[in-house]
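Structural characterization, general
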Amino acid sequence: MSQNSKANIKFCGSHAGVSIGEDGPSQMGLEDIAMFRSILKSVVLYPSDTVSTDKLVEEMAKHKGISYIRTTRSATPVIYDKNEIFCIGGSKVLRQSDQDMVTVVSAGITLHEALAAYMELRRKGKLIRVIDLYSIKPIDAAALKKAAKETKAIITVEDHFAEGGLGEAVRSVFKTASIPIISLAVTKMPKSGKPQELLDYEGISKNGIIKTINQIVKKKK
């Protein structure tokens, strides 16, 4: 009914993903991105630190229409400078080079896992691109298409069910993908446990990302 009446409503989801930890699966929002993506002309945002959250809340407040911001319960490091600019429909390329093997696209809690994977792989001489897809809808199609031209695969990583989430949003950009698009998402019924344990359990942690990248590189050889 809200979309039919062109309502101007702002929603915030705070208990999202397996990373909330010990509260267990009954408290883990794992369908929220899909639900809000399906609303006509909605906006779906997923910041990763305090700076991006502050800036995107402001952008959401200025936007007229139904919008949703997904926040992270876990304490996360600050990635961005306070003067960084964020806009609805944008993204941030956080790590890149002309030798990137694959592109990892993520947002929120798993963006930090992607950055950790980048650091470990770089120490071994392997370079990857990391994109913060903080605006899941509308999506930054130009940045994703550029990455698809310049790297050998795209890996999406999200603390959300595979259906309707960030991975499917990325796939929607490509009518026919010229490179593999591999989605890491919550595919098993979560348990109660430490946030890092649960990210590992679902294969969406640093370890899961590195394992997937190594498999891609091995196949390419």
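Described below are features of the structure shown in this document. Quick caveat, the model's predicted, so the values are computed rather than measured. (Residues numbered from 1 in each chain as written. Predicted model: local features only at pLDDT ≥ 70, side-chain atom pairs only at ≥ 80, totals over all residues. Heavy atoms only, no water.)

So, the overall build of the chain
Across its full length, the chain holds seven helices and nine strands. Compactness check: the chain gives a C-alpha radius of gyration of 17 Å against a globular reference of 17 Å for 221 residues, within 12% of the reference. Viewed in the frame of its principal axes, the chain has a C-alpha envelope of about 55 × 40 × 35 Å. Burial statistics for the chain: of 221 residues in total, 51% are counted as buried. Working note: accessible area of the chain is about 10,800 Å², and carbon and sulfur atoms make up 53% of it. (Helix = DSSP H or I, 4+ residues; strand = E, 2+ residues; numbered from the N terminus. Rg over C-alpha atoms; globule rule 2.2 N^0.38 Å. Buried < 20%, exposed > 50% of the residue type's maximum accessible area, 1.4 Å probe, protein only. Areas by Shrake-Rupley, 256 points an atom, 1.4 Å probe, with all protein chains shown as cover.)

Let's talk about the sheet that holds strand S5 (residues 103-106)
If you trace the five strands from one edge of the open sheet to the other, you get S4-S6-S5-S8-S9, paired in mixed fashion. Of all strands in the sheet, those with a lone pairing partner are strand S4 (92-95) and strand S9 (181-186), marking the two edges. The sheet shows a mean angle of 25° between the axes of neighbouring strands, direction not considered. Pairing between S5 and strand S6 (residues 129-132): four bridges, direction parallel. Each bridged residue has a counterpart across the sheet, and for Val104 the counterpart in S6 is Val130. Across the face of the sheet, helix H3 (residues 109-123) comes into contact with S4, S5, S6 and strand S8 (154-161) while running at roughly 165° to S6. (Pairing = 2+ DSSP bridges. Axes fitted to C-alpha atoms, helices over the stretch in contact; angles between N-to-C directions. Contact = heavy atoms within 4.5 Å.)

As for the nonpolar core
Of all hydrophobic cores here, the largest spans 62 residues; its most connected members are Ile128 and Ile213. If one sorts the elements of this core by residue count, H3 sits on top with seven residues. In this view, Ile213 contacts Met101, Val102, Val104, Leu121, Ile128 and Ile155; residues no more than four positions away in its chain are not counted. (Core = buried A, V, L, I, M, F, W, Y, C linked by side-chain atoms within 4.5 Å.)

Let's talk about the pattern of salt bridges
Under the definition given, this model contains nine salt bridges. A salt bridge links Lys92 to Glu84, with the nearest nitrogen and oxygen atoms 2.8 Å apart. Assessed through its relative accessible area of 27%, Glu84 is described here as partly exposed. For the salt bridge of Arg129 with Glu150, the shortest nitrogen-to-oxygen distance reads 2.6 Å. Here Arg129 is found in strand S6, whereas its partner Glu150 is found in helix H4 (residues 141-150), with 21 residues between them in sequence. Put simply, Asp100, Arg129, Lys146 and Glu150 are held in one network by salt bridges that share partners. (Salt bridge = Lys/Arg side-chain N within 4 Å of Asp/Glu carboxyl O.)

Re the packing of aromatic side chains
If you walk through the whole model with that rule in mind, you get four aromatic pairs. When the centroid spacing of 5.1 Å and the interplanar angle of 50° are considered together, the rings of Phe11 and Phe36 count as tilted. Highlighted residues: Phe11 in strand S1 (residues 10-13) and Phe36 in helix H1 (residues 32-37), separated in sequence by 25 residues. A residue is classified by how much of its surface remains accessible, and Phe11, at 32% relative accessible area, is partly exposed. Taking the centre distance of 4.2 Å and the plane angle of 0° together, the rings of Phe36 and Tyr68 count as stacked. Linking Phe36 in helix H1 with Tyr68 in strand S3 (residues 67-70), this pair joins segments that are 32 residues apart in sequence. Comparing Phe36 with Tyr68 shows no difference in burial state: the two are buried. Between Arg70 and the ring centre of Tyr46, over which it is positioned, the NZ or CZ distance is 5.0 Å. One residue, Lys188, lies across the ring of Tyr201, its end atom 3.9 Å from the ring centre. (Phe/Tyr/Trp six-rings, centres within 6.5 Å; stacked < 30°, edge-to-face > 60°. Lys NZ or Arg CZ within 6 Å of the ring centre and 35° of its normal.)

Remarks on the pairing of S5
Of the two faces of S5, the one lined by Thr103 and Val105 and the one lined by Val104 and Ser106 are each fully buried. Crossover connection from S5 via H3 to parallel S6: handedness right-handed. For S5 and S8, the ladder comprises four bridges, and the chain directions are parallel. Across the sheet, the residue bridging to Ser106 is Val157, located in S8. (Right-handed = clockwise from strand over helix to strand, strands pointing away.)

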